[in-house]
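The residues making up each chain are set out below.
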Amino acid sequence: MSQTPPDRTARRGTTSRTGGERRNVRGESTRQAILTAAERLFAEHGIAAVPLRDIGAAAGQRNHAVVQYHFGERDEVVRAIMEFRGAQSEASRVDLVAGLMLGGTPPTVADVVAAFVRPLAIHIQPDNHYLAFLSLYITEEGGYEGLGDVHTGASVVTLRTVVSRLVPDIPDAVLEERWWVTLTSAVHALARYHAAQRKRANLPAPIGVLIDDLVAVLSAGLTAPLVPGDPRG
């Protein structure tokens, strides 16, 4: 009885796919190692001060051009960090925003601010340097408006719309600036809490209390009376 010869083409195809999958896994692992190293080095030394080859070395890579190979220039590394960490915050924030929009009780300004602040606070973790990195980025670049929704996400746009409805007496030009002050101040404050926690292993109050108070302070700023003589009013 004759036997059907093995399908070498199919076997080669399977081997090729398996090899490709392994390469993809290794490539993704390298990219993640680069992002983790970049986030830490940027947070410690400043975004503009860190050579890309130092990032590759910190990620355990011998090829000096590995960062350029996977990401291109420095700006793309920055965007990739924000996309990665921002997605983590956004996943938490989406549920909070849905609760505000679908809940039976109308949201308050404090509810809106909390929905921004609390998902940022998830980055207060031992091996996470995102808040310090983002705080430095805001300082170096004067904000993160130029990144569009890479950091803020669609849910933050929704929160901004809700705030406008809650404080209709505040002129939009004033509210827009106050909103950006709220976002950036939240980052700086959380970064300071995280740094203090790392260096002293304690804080002036439990982190939950500090976050509650931060939400109260930022909410008061959004609703504060207009400054006399402000031409935007």
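Our structure's up above, just so we're on the same page.
Bear in mind that the values here come from a model prediction, so they are computed numbers and not experimental data.

Novice: Can you walk me through the environment of Ile207 in this structure?
Specialist: Examined against the element boundaries, Ile207 turns out to sit in helix 9 (residues 207-223). Relative accessible area serves as the criterion here: at 28%, Ile207 is assigned to the partly exposed category. Ile207 sits 14 residues away from Tyr193 along the chain, and the two C-alpha atoms are 7.8 Å apart. Beyond its immediate stretch of four places on either side in the chain, Ile207 contacts Ile124 and Tyr193.

Novice: Help me out: how do you make sense of the pattern of salt bridges in this one?
Specialist: Oppositely charged side chains are able to pair whenever their charged atoms sit close together. Per the stated rule, a full pass over the model turns up seven salt bridges. Close ionic contact of Glu39 with Arg85 constitutes a salt bridge, the shortest N to O distance being 2.8 Å. Of this pair, Glu39 sits in helix 1 (residues 8-45) while Arg85 sits in helix 4 (residues 74-102), and the two are 46 residues apart along the sequence. Residue Glu39 is classed as buried on the basis of its relative accessible area of 2%. Of the charged contacts, one joins Glu44 and Arg40 as a salt bridge, the two residues approaching to 3.4 Å between their closest N and O atoms. Note that Glu44 and Arg40 are positioned in helix 1 at a spacing of four residues, about one turn of the helix. Residue Glu44 is classed as partly exposed on the basis of its relative accessible area, which comes to 45%. By sharing partners, the salt bridges in this structure join Arg160, Asp172 and Glu176 into a single network.

Cut-offs used in this document
Residues numbered from 1 in each chain as written. Predicted model: local features only at pLDDT ≥ 70, side-chain atom pairs only at ≥ 80, totals over all residues. Heavy atoms only, no water. Helix = DSSP H or I, 4+ residues; strand = E, 2+ residues; numbered from the N terminus. Buried < 20%, exposed > 50% of the residue type's maximum accessible area, 1.4 Å probe, protein only. Contact = heavy atoms within 4.5 Å. Salt bridge = Lys/Arg side-chain N within 4 Å of Asp/Glu carboxyl O.

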